[in-house]
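# Summary of structural features
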Amino acid sequence: RMPLRFHRLELWADSGGPGFHRGGQGYEATTEWLGEQSTATLRRERMRFAPPGLLGGDPAPLCRTRFEPRDAEARDLPGKIDITMSGGDVLHYWTTGGAGRDSPLTRDPQRVFADVLDERVSVASACERYGVVVNAGKFDAAATATLRQRLATPT
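All figures in this text were calculated on a predicted structure; none of them were measured in a lab.

Turning our attention to the overall build of the protein. When helices and strands are counted, the protein shows three helices and nine strands. In the protein, the succession of α and β elements from N to C terminus is β-β-β-β-β-β-β-α-α-β-β-α. Seen along its three principal axes, the alpha-carbon backbone of the protein occupies a region of about 60 × 30 × 25 Å. Burial status across the protein gives 39% buried among its 155 residues. Excluding contacts between residues fewer than 6 apart, the proportion of contacts in the protein whose partners are at least 24 apart in sequence is 66%.

Set out below in structure tokens:
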């Protein structure tokens, strides 16, 4: 009844808001409509307002949806829309995760490094948001201590 093929469905790195308690992750999916022409109704939330962080934690990123019609140019879609889909049309969507709680600079650096290894947090986000330095796939404790001290010092 629903001729749909999932090409991708996986956790989305950096989708949980940074914090001592990192927000749960959202997912990224790519689906292809295989049937005849049909109307798809999308009703998505968190497209304009991110889940706010708590007690110094950071917000999670916004959701987004990208429509790639087989015979037209790809475009981003709003959260609430009815679209006509034909066989071969593709939807990419990213769901937001939860917001972080408490300062990301207080999260145990080894836990952040484990998140990097698990591809839950990118190397860039580990550095920029958590103050954790990963060089060539290895945790750098000395550089992390220096960076965290610099990031914690008000300018």
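Having put the structure on the table, let's press on.
Turning our attention to a nonpolar patch on the surface. On the surface, Leu4, Phe6, Leu9, Leu11 and Tyr27 cluster together to form a nonpolar patch covering roughly 480 Å² of accessible area. Counting residues per element, the nonpolar patch draws most heavily on strand S1 (residues 4-11), which supplies four residues. Mapped onto the elements of the fold, Phe6 is located in strand S1. Here Phe6 falls in the partly exposed class, since its relative accessible area comes to 45%.

The description of an aromatic ring pair uses the distance of the two centres, along with the angle that the planes make with each other. Throughout the structure, instances matching the rule amount to two aromatic pairs. Residues Tyr27 and Tyr93 carry aromatic rings whose centres are separated by 6.3 Å and whose planes lie at 75° to one another, so their mutual orientation is edge-to-face. Here Tyr93 lies in strand S7 (residues 90-94) and Tyr27 lies in strand S2 (residues 27-33), a separation of 66 residues in the sequence. On the basis of relative accessibility, which here comes to 17%, the residue Tyr93 falls in the buried class. Between the aromatic rings of Phe113 and Phe139, the centroid separation amounts to 6.0 Å while the plane-to-plane angle is 40°, which identifies the pairing as tilted. Of this pair, Phe113 sits in helix H1 (residues 109-117) while Phe139 sits in strand S9 (residues 138-139), placing them 26 residues apart in sequence. In this structure, Arg64 packs its charged tip against the face of Trp94, placed 3.8 Å from the ring centre.

Conventions used here
Residues numbered from 1 in each chain as written. Predicted model: local features only at pLDDT ≥ 70, side-chain atom pairs only at ≥ 80, totals over all residues. Heavy atoms only, no water. Helix = DSSP H or I, 4+ residues; strand = E, 2+ residues; numbered from the N terminus. Buried < 20%, exposed > 50% of the residue type's maximum accessible area, 1.4 Å probe, protein only. Contact = heavy atoms within 4.5 Å. Patch = residues over 30% accessible without salt bridge, like charges linked within 9 Å, V, L, I, M, F, W, Y side chains within 5 Å. Areas by Shrake-Rupley, 256 points an atom, 1.4 Å probe, with all protein chains shown as cover. Salt bridge = Lys/Arg side-chain N within 4 Å of Asp/Glu carboxyl O. Phe/Tyr/Trp six-rings, centres within 6.5 Å; stacked < 30°, edge-to-face > 60°. Lys NZ or Arg CZ within 6 Å of the ring centre and 35° of its normal.

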